[in-house]
Amino acid sequence: FKRVLQRYDELVAEEHRNLAALQRRAEEDMDANCAVCSSGEVGPSNQIVFCEYCNVAVHQHCYGVDCIPDGDWFCQPCTAVVPEETRKRVAASTAKEVQAVTCKLCPAKVGAVFPSDEAETWVHTICADVAGLDAAPLVSSDFGVAPSAVRVTAADLERAAARKPIYDACIVCGEATASVALCAWETCRKPLHASCAQSRACNIRCDRTKYNSGAAN
């Protein structure tokens, strides 16, 4: 009988932990900003949706989500790379996993990445912008490409990735790449990837400028 009571107490404690985790996540979701545009503003047809595998948050309009599904929603890389059974298992739990792919221009496995013209090459739009590439997402009518692709080719990304960095290594990840920019907040001027800054909950804004003019934070 003692073992039954002990097991019951363990199950109750686990349920309380799960409920607390769900409550924390709900509170975080209320304050979430879109990983593409960094805004938290929403509208009736432009809600922020969350990937149930990696928990990336994106606006419907920013990521090409026509309608919010009744069940779980998964971002593009998680849908493309993670087996369905694994996605469903993670979605049913309170913990989330690291994103399944890496941006071609930075090492961060966070944020909203888009596919290029090659299925295995992904990029953050903000990293492409900093590297001087036009990464505006394509809509379904553009060249017959499905929503959420970007107007950047894998060859473009390969050339940008091979370019000699003009700034020092990112202060967050320690890597120097073409998508490192200088923080433009007052006199900060520290080098960093915008995606790395987002991973540290920084408020990021990227001014679409040329490769060597940096980003605004």
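Our subject is the structure that appears above.
Everything numeric in this text was worked out from a predicted model, so none of it was measured. Residue positions are counted from 1 within each chain, in the order its sequence is given. Totals for whole chains, interfaces and linings use every residue, but because this is a predicted model, local features are given only for residues with pLDDT of at least 70 and side-chain atom pairs only at 80 or more, for both listing and counting. Note: side-chain values were computed over all heavy atoms of the structure, leaving out hydrogens and water.

K.L.:
Can you tell me about the overall build of the protein chain, naming the residues and giving the values?
P.N.:
Counting secondary structure elements, the protein chain contains seven helices and six strands. Reading the secondary structure of the protein chain in the N-to-C direction produces α-β-β-α-α-α-β-β-α-α-β-β-α. Considering the protein chain as a whole, with its 217 residues, one finds that 41% of them fall into the buried category. Should any heavy atoms of two residues lie within 4.5 Å, those residues are counted as being in contact. Taking as baseline every contact in the protein chain between residues at least 6 positions apart, the subset at least 24 positions apart corresponds to 45%. When the accessible surface of the protein chain is totalled, it reaches about 12500 Å², and 51% of it is carbon and sulfur. Only runs of H or I of at least four residues qualify as helices and only runs of E of at least two qualify as strands under DSSP, and these elements are numbered from the N terminus. Think of it in three bands: residues with accessible area under 20% of the maximum for their type are buried, residues over 50% are exposed, and the middle band is partly exposed, with areas taken using a 1.4 Å probe on protein chains only. We get accessible surface area from the Shrake-Rupley algorithm with a probe of 1.4 Å; when it comes to residues, only the shown protein chains can shield them.

K.L.:
For unusual backbone geometry, give the residues involved together with the corresponding values.
P.N.:
The backbone of S38 shows a phi angle near 70°, a positive value even though the residue is not glycine. Within the element layout of this structure, S38 appears in the loop between helix 1 (2–30) and strand 1 (48–50). With a relative accessible area of 14%, S38 lands in the buried category. If you check the backbone angles, R189 has positive phi at about 60° while not being a glycine. In this structure, R189 sits in the loop between strand 5 (180–182) and strand 6 (191–193).

K.L.:
Please set out the side chain of H59 residue by residue, giving values where relevant.
P.N.:
Mapped onto the secondary structure, H59 falls in strand 2 (residues 57–59). Other than its neighbours up to four places away in sequence, H59 contacts C34, C37, S39, G40, E41, V42, N46, Q47 and I48.

K.L.:
So what's going on with helix 4 (residues 84–91)? Which residues, and what values?
P.N.:
Buried within helix 4 we find R87, V90 and A91. Looking down the long axis of helix 4, one finds its buried residues gathered within 100° of arc, a one-sided arrangement. Relative to its buried face, helix 4 has exposed residues pointing more than 90 degrees away, namely E85 and R89. Next to the buried residues of helix 4 lie helix 3 (76–81). Working definition: the arc comes from the directions between the helix axis and the C-beta atoms, pointing outward to the latter.

K.L.:
Tell me what's going on with the packing of aromatic side chains, and back it up with residues and numbers.
P.N.:
Geometry of aromatic contacts follows a simple scheme: Phe, Tyr and Trp rings, the Trp one being its six-membered ring, pair when their centres are within 6.5 Å, and the pair is stacked under 30 degrees between planes, edge-to-face over 60, tilted otherwise. The tally for this structure, following the rule as stated, stands at two aromatic pairs. Judged by centre distance (5.9 Å) and plane angle (80°), the ring pair of Y63 and W73 falls under edge-to-face. Of the two residues, Y63 sits in helix 2 (residues 60–63) while W73 sits in the loop between helix 2 and helix 3, which places them ten residues apart along the sequence. We note that Y63, like W73, is buried. Centroid distance Y63 to F114: 5.0 Å. Interplanar angle 55°. Geometry classified as tilted. Here the residue Y63 occupies a position in helix 2, and F114 occupies one in strand 3 (residues 113–115), the gap between them amounting to 51 residues. In textbook terms, an aromatic cluster arises when at least three aromatic residues are bridged by ring pairs, as seen for Y63, W73 and F114.

K.L.:
Describe the state of the cysteines, listing the residues and the values that go with them.
P.N.:
A pair of sulfur atoms, both from cysteines and within 2.5 Å, is called a disulfide here. Using the criterion set out here, one finds zero disulfides in the structure. Considering cysteine sulfurs only, C62 is the nearest to C34, which forms no disulfide, with 3.9 Å between them. Judged by relative accessible area, which is 2%, C34 ranks as buried. No disulfide involves C103; its nearest neighbouring cysteine sulfur is the one of C127, lying 4.0 Å away. Residue classification places C103 among the buried positions, given a relative accessible area of 4%.

K.L.:
Talk me through the nonpolar core; I want residue IDs and the actual numbers.
P.N.:
Take the buried residues of types Ala, Val, Leu, Ile, Met, Phe, Trp, Tyr and Cys, join any two whose side-chain atoms come within 4.5 Å, and each joined set is a nonpolar core. Core analysis: the largest hydrophobic core is formed by 48 residues, its most contacted members being C51, V58 and Y63. Elements with a minimum of two residues in this core: helix 2, helix 4, strand 3, strand 4 (122–124), helix 5 (125–130), helix 6 (154–162), strand 5 and helix 7 (194–199).

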